[in-house]
Amino acid sequence: MSIGSPDSTVGVEDHPASAEPVRAATVAHGKSPTRIAMDRLRKDKLAMTCVGIVLFFILIAVFAPLLAKLEGQTYGAFHTELVDEFGYPTSGPNAQHWLGVEPKTGRDNFARWVYGARPSLIVAFAATLFGTIVGVVAGLLAGFLGGWTDRVISWIIDFVLSLPYLLFAIALVPIVESMRGGSFNLTPEEQASTRFYVLIFVLSFFGWAGLARIIRGEVLSLREREFVLAAKAIGVPTRQVLFKELLPNLVAPIVISASLSLPAYVTAEAGLSFLGVGLVEPIPSWGQTIAVATNWFKAYPLFLWLPVIGITALVLAMALLGDAVRDAFDPKTRR
Amino acid sequence: MLYFVARRLVSALSVVLVTLIATFTLFFVAPTDPAASICGERNCTLQRYNEIKSNLHLDRPKVQQFAEYTAGIFVGRDFETSGVVQHCGAPCLGYSFKNDRPVVDMLKSALPVTVSLVLGYAVLVLTIGVFIGSMAAKRRGTLGDRALMTSTLVLSSVPYYIVALMISLYFTILYPILPRSGYTALTDNPGKWFAGLLTPWLVLGIYFCTQYARFSRGSMVETLSEDFIRTARAKGLSDRVVTYKHALRAGLIPVVTIFGLDIAGSLAGAIFTEKIFDLPGLGNLVIDSLNNYDLPVIMGTVLVASAAIVVMNFLVDIGYSLIDPRVRLA
Amino acid sequence: MQWKRITAVAATVMLAVAACGSPSSNSGSNGGSNVQPGETQVKATDPTAVGPAPAIDGSKNGGTVTVLSDVTPDTFDPTNIYYVDGNQIGKLMYRALTQYKLDPKSGKPTLVPDLAADLGTKSADGLTWTFKLKTGIKYDDGTPVKAEDYAYAIKRSFAHDLYDAGPTYQIQFFKDGEKYKGPYGAGGDNYSGVETPDDSTLVIHLAKKFDDMPFYAAFPLFAPIPKARDTKKNYEQRPATTGPYKVASYTPGTELKLVKNTNWDPKTDPVRYQFVDGWDFKFSQDLIKVQRQVLASSGPDANALNYTNLDVSLLPEVKDQAQLVKGPGPCTITLPMDTRRIPLEVRKLVAQAYPYDGWRKVAGLNPNDDPPASTILPQAVPGHEDYKLPGLTGTGPGAQDDAVAADVKAKLKALGKEGFELSQYYSIDDKISTQVNALRKQVFEKAGFKYKSIGVPKAKIRTFTGDQNAPVNLGKTPAGWCSDWPSQSSWFPVLFKSDAVALGNSIGQLGDPKLDTEIDRVNALDPEGQVKEAGKLDKMILEQYLPLLPLYYSASNFPIGKNLGHVVNDMTQGMPEFTSIYLKQP
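Every value quoted in this text rests on a predicted model; they were computed, and no experiment measured them.

**Considerations on the overall build of chain B**
Line of reasoning, step 1. If you tally the helices and strands in chain B, you get 13 helices and four strands.
Line of reasoning, step 2. Contacts in chain B between residues far apart in sequence, at least 24 positions, make up 64% of those at least 6 positions apart.

Structure (structure tokens):
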């Protein structure tokens, strides 16, 4: 056991947080649990397919401007000449508009679809990042320091978890928005990006508590372990103990939690946009399109199916991947 | 035990209190202007605006406003609009000037809808979910188990509102094989009540029973490997009796726990169902109020929903500690 | 008169109509052609009309009609009703002094006496109106209607703080209107503006001449209210009704149920019928859903109707054109331009650049439903003259067309107004409003303007656009206007005179004394003279002042269930005429 080299992965190797399953798996020593899990994941064909799908969407989102350029369209340009006087598109998919155009406005479906992947992914990753950071720090502090700090943080965790999440998210969006400069005197672009940040804030606000509770639990059991006691005994500063000794042991729950929360955030973003409290024009997003397209589903099913397929495929792939990640770290769940 | 209950009670009450303060702060201290939205668009003179402000006591210090609001919950309060006093009896959660009704009245008319929805949902997920889960647990490892579990995993990974929306569009409108949804009060016409809620129930039940199937499978697997089951088997009890009498009873405890928390949460989570199936419940009330900036209604709904969750949490905790004394130490 | 309730919370009238997807129709005129001649409503009166109303062929008795409404009338208190839907529903319950009778063939309205026995007599100086009242009228509880009940109802309407949504002409025109504050305060009983010398006479004293008094007397405000039954704000729960139906139950915002009023005597009523047994109004329904339901007409939905114009996305689902009731409405929807902030020459360029066609599509209007407007007065107003000024026809590509954009740009440059800033509010949380805004921005910028759009929440936009001095130069409200009664006098003096700015009703914020004089001159003419001059005045305002771009006329195009008989459009309000509806198979 090496006390002096907290930066190495030695501690992780010997004392994985989810120690039991790894021991149970009787894998040869010398590999970190993370490595082991990754190896397992790599052999999982379903998981790899999901990785492929998620990567596909990430690439679409990253290269959205390029793809739209390739098609020769932009997501915001109105082509009212392509819809008839009743608002119905006059033609289906063609060489200029690969997936046809939107009813009423005549905006390009393909461009809107590829750009629509962006907010979903950005919101999900950003909210996961913030949620994870806050959750880990809060969990570490509560578990390690104990006493009043623990009591206060635990109480806040309980509090956040006992709020009706969806209801609050819906109510918070306009309020946070009005606190952040208000929705008055803004240009559409400013307004849309405000909503964007508000959404990330609201989702991470409700996302950190669950992780913090798990981390706290893990830390409670870890802090009584010899390597931590030893580090404390020889006077390693608290901050170092927290982040160099404990944190590496928490990789498993953090990775699991993050991989499970990604699809949840994609779902939440699109859901809130569908309800009309998420993203707003002119940012194209799948949830908004679904809300509009439900009125047209009979006359123009393609318009509805595009975002539906986008969200379903992305969320499904992410969720199955998250499940596989959890199984890889903790095979006990599969049995 | 008494100490444990007391401690839990204090913590639960503190959560409710802080929710109250937090929502109040958000809605009344945030730069929104209830008086302006009440005053309306036409005929809103400065005099009338100020009059509304003083009628609503919005010109008083925030702390006093908060005290009045809180007091209203316990003893009721009066609102004065243009010389007419509207009494808002306890529990008064504010007054919606948009609709000219106490918030509690609006909640009262929306609540039966949501409760009907949640009740049917509860019955369906518990029966179907637990049934599938325990079947799978018993046949653990077989092809059937794997197929069942994979399909529940896939279904529960698709966003709920997509499933609900597609079913509602395709099976109640385009190919109307399911009855069209709508709410009729149970007391008015039980048949209509049932028919109107059937589709949302089915959608909710099918979608969420997958989660319960997975919970109960996990819990049953755990229970089935415990010593007392082995003992029961050793006694020579039949497989059926072991599974459904001994194991299910023990295995259900964590499922019911989750269920208790879930029910409170689903009061608020019914938003999508209500929106998609157009049921005038709490969720639709919130969305409508949001569109009208009718803040007292949103605040009242959020408070009630939070309180419901806290109460359920509390009950689950107490119930749990009765079953499993170790919990009290935590 | 204000448009249906929904517009009160929406961007501008035009956007709101678009937002609820309710484009409307010009009596089935296809191809977006303009007003059809001969449809024009004439200001006709018939003081001699008596009950009962003429029989309708094939009418049957019995059954209940369900009205599934996506909008919610804010009130059913007779004093407080101003919106067209409240008015039309109120017509089932309340009888005022006068009422419109629709011609069975053309649908044209004629003003006839309702509870009054005549259409009022004006004194020589025009400041006193005397109405003779019918006798033997009873309320729904069987008690007789007394003359003082009419007086009380009028007094009640001065408590405008309490009934803040109701019409306000009595405050402007009646004697001591500005001072008297209604019957509830101290000395509230003493109001010298109304008198009841005997049981069948009602005398109204005015402060200013108000020749439209008989038309104003058709508002439910003039329905009698027994003082003993006045419960102020709660009156709408149990109102004293004189019409063919009475309130069975009312849940604000949700449902209103009406049942037959057995004390209504058809022989006294020249307008109304009592075919069905009851009415069930359900409010706050989902628009698309109920319209689909009504069109499908399965089961009880065959007895239902919805009074919002059919959403354009449902057009393919219309199997039977008879399920759509069409007809003209009383409104014109416009884009107002603040004449104080945009010079006339630039206003003309805005008119040239405006993308009428593209805008109509994005906003969801269509030619079957919303005839493009080229005038200020809609055809339902007598004196409406169908003229077309070049570039002001409510159609055309505007600066979406490259040549037009280049032309406007060049002219702007020639005026030295390159990059002239146009600014406008829009609803940030309304999809259509946001899209329309994006379209305008694209087009105006292409034409060399700067376009600044300010997003505000839908629920609050009226407080911004309603401010006559708001820091924007386009789209202040009122953006659409509807006749309170069929006369130019409810248009030009209200909208374009200098004092309209202070009253908050000005379109274009005009302040030209010359125009004021002209409007006053026309308004002082006798009714026939007004009809003759109205069209000229209309044209002169558009030609010389251009305070607005006419966009489209409101019209009705609402879906009805298959079992409903005799559903006609009431062109005074653009609503179905409820009282003459019957069920084909009760």
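**A few points about the pairing of strand β13 (residues 324-336) of chain C**
Residues and elements named next belong to chain C.
Line of reasoning, step 1. Counting buried positions over the 13 residues of β13 gives 13, a clear majority of the element.
Line of reasoning, step 2. By the bridge criterion, ten bridges tie β13 to strand β17 (residues 548-559) in an arrangement that is antiparallel. Within the sheet, the bridge partner assigned to Thr334 lies in β17 and is Pro550.
Line of reasoning, step 3. Taken together, the three bridges between β13 and strand β16 (residues 480-482) define a ladder with antiparallel strand orientation. Counted as the bridge partner of Cys331 is Cys482 from β16.

**Thoughts on the interface of chain C and chain A**
Line of reasoning, step 1. With 29 residues of chain C at the interface, the matching set in chain A holds 25 residues.
Line of reasoning, step 2. Mapped by element, the contributors of at least two residues to the side of chain C that touches chain A are α8 (356-362), α10 (431-446) and β15 (450-456) of chain C.
Line of reasoning, step 3. Here the side of chain C that touches chain A is built from residues that sort into twelve nonpolar, eleven polar and six charged.

**Focus: the interface of chain B and chain A**
Interfaces are often described in size by the accessible area the parts lose on coming together.
Line of reasoning, step 1. Between chain B and chain A, the contact holds 36 residues from the first and 34 residues from the second.
Line of reasoning, step 2. Counting residues per element, the ones that place at least two in the side of chain B that touches chain A are α1 (2-29), α6 (143-157), α7 (160-174), α10 (239-269), α11 (271-277), α12 (282-291) and α13 (295-323) of chain B.

**Comments concerning the nonpolar core**
Line of reasoning, step 1. Within the largest apolar cluster, 167 residues are counted, with the highest numbers of intra-cluster contacts made by Ala169, Ile170 and Leu199 of chain A.
Line of reasoning, step 2. If near-sequence neighbours (up to four positions away) are discounted, Ala169 of chain A is found in contact with Val202, Phe206 and Leu272 of chain A.
Line of reasoning, step 3. Grouped together as the second largest cluster of nonpolar side chains are 86 residues, Tyr150, Tyr216, Ala218 and Ala223 of chain C included.

**Comments concerning the environment of Ser289 of chain B**
Residue and element names in this part refer to chain B.
Line of reasoning, step 1. On the secondary structure map, Ser289 appears in helix α12.
Line of reasoning, step 2. Separated by 50 residues in the primary sequence, Ser289 and Asp239 have C-alpha atoms spaced 55 Å apart.
Line of reasoning, step 3. Look past the residues within four positions of Ser289 in its chain and what remains in contact with it is Asp294, Val297 and Ile298.

**Focus: unusual backbone geometry**
Residue and element names in this part refer to chain C.
Line of reasoning, step 1. Here Gly51 and Pro52 are connected by a cis peptide whose omega angle stands at -5°.
Line of reasoning, step 2. Positive phi, close to 50°, is recorded for Ser297, a residue that is not glycine.
Line of reasoning, step 3. Tracing the backbone through its elements, the reader meets Ser297 in the loop between α6 (287-296) and β12 (304-305).
Line of reasoning, step 4. On the basis of neighbour count, Ser297 is assigned to the buried category, with 20 C-beta atoms found within 10 Å.
Line of reasoning, step 5. Here the phi dihedral of Gln509 falls at roughly 50°; this positive angle occurs in a residue that is not glycine.
Line of reasoning, step 6. Looking at the secondary structure, you find Gln509 in the loop between α13 (499-503) and α14 (513-523).

**Focus on the sheet that holds strand β6 (residues 128-132) of chain C**
Residues and elements named next belong to chain C.
Line of reasoning, step 1. Reading across the sheet, the four strands line up as β5-β6-β8-β7 and stay open at both edges, with antiparallel pairing between neighbours. Of all the strands in the sheet, just β5 (121-122) and β7 (194-195) have a single pairing partner and so form its edges.
Line of reasoning, step 2. As judged from the five bridges shared by β6 and strand β8 (residues 201-205), these two strands associate in the antiparallel manner. By the bridge assignment, Trp129 is partnered in β8 with Ile204.

**Some points on the environment of Phe228 of chain B**
Line of reasoning, step 1. Relative to the elements of secondary structure, Phe228 of chain B occurs in helix α9 (residues 227-234).
Line of reasoning, step 2. For the pair Phe228 of chain B and Thr25 of chain B, spaced 203 residues apart in sequence, the C-alpha to C-alpha distance is 53 Å.

**Thoughts on the UniProt feature "transmembrane region" (unreviewed entry) in chain B**
All names here are of chain B.
Line of reasoning, step 1. As annotated by UniProt and renumbered to match this structure, "transmembrane region" (unreviewed entry) occupies residues 12-30, 110-132, 153-173, 193-210, 250-273 and 293-316.
Line of reasoning, step 2. With 100% helix and 0% strand, the stretch residues 110-132 has end C-alpha atoms that lie 33 Å from each other.
Line of reasoning, step 3. In residues 153-173, the share of helix is 90% and the share of strand is 0%. The end C-alpha atoms are 28 Å apart.

**Topic: the sheet that holds strand β11 (residues 278-282) of chain C**
Residue and element names in this part refer to chain C.
Line of reasoning, step 1. Read across the sheet, five strands follow the order β9-β10-β11-β2-β12 without closing on themselves; strand pairing throughout is mixed. Of all the strands in the sheet, the pair left with one neighbour each is β9 (245-251) and β12.
Line of reasoning, step 2. Both strand β2 (residues 64-68) and β11 contribute to a ladder of five bridges, which runs parallel. When the bridges of β11 are listed, Val65 appears paired with Trp279.
Line of reasoning, step 3. Together, β9, β10 (255-260) and β11 form the strand contacts of helix α2 (residues 84-93), whose direction differs from that of β9 by roughly 130°.

Rules and cut-offs
Residues numbered from 1 in each chain as written. Chains lettered and ligands numbered in written order. Predicted model: local features only at pLDDT ≥ 70, side-chain atom pairs only at ≥ 80, totals over all residues. Helix = DSSP H or I, 4+ residues; strand = E, 2+ residues; numbered from the N terminus. Contact = placed C-beta atoms within 7 Å. Buried ≥ 20, exposed ≤ 12 C-beta atoms within 10 Å, placed from the backbone. Pairing = 2+ DSSP bridges. Nonpolar A, V, L, I, M, F, W, Y, C, P; charged D, E, K, R; others polar. Core = buried A, V, L, I, M, F, W, Y, C linked by C-beta atoms within 7 Å. UniProt positions renumbered as here; feature names shortened; annotations may be inferred. Axes fitted to C-alpha atoms, helices over the stretch in contact; angles between N-to-C directions.

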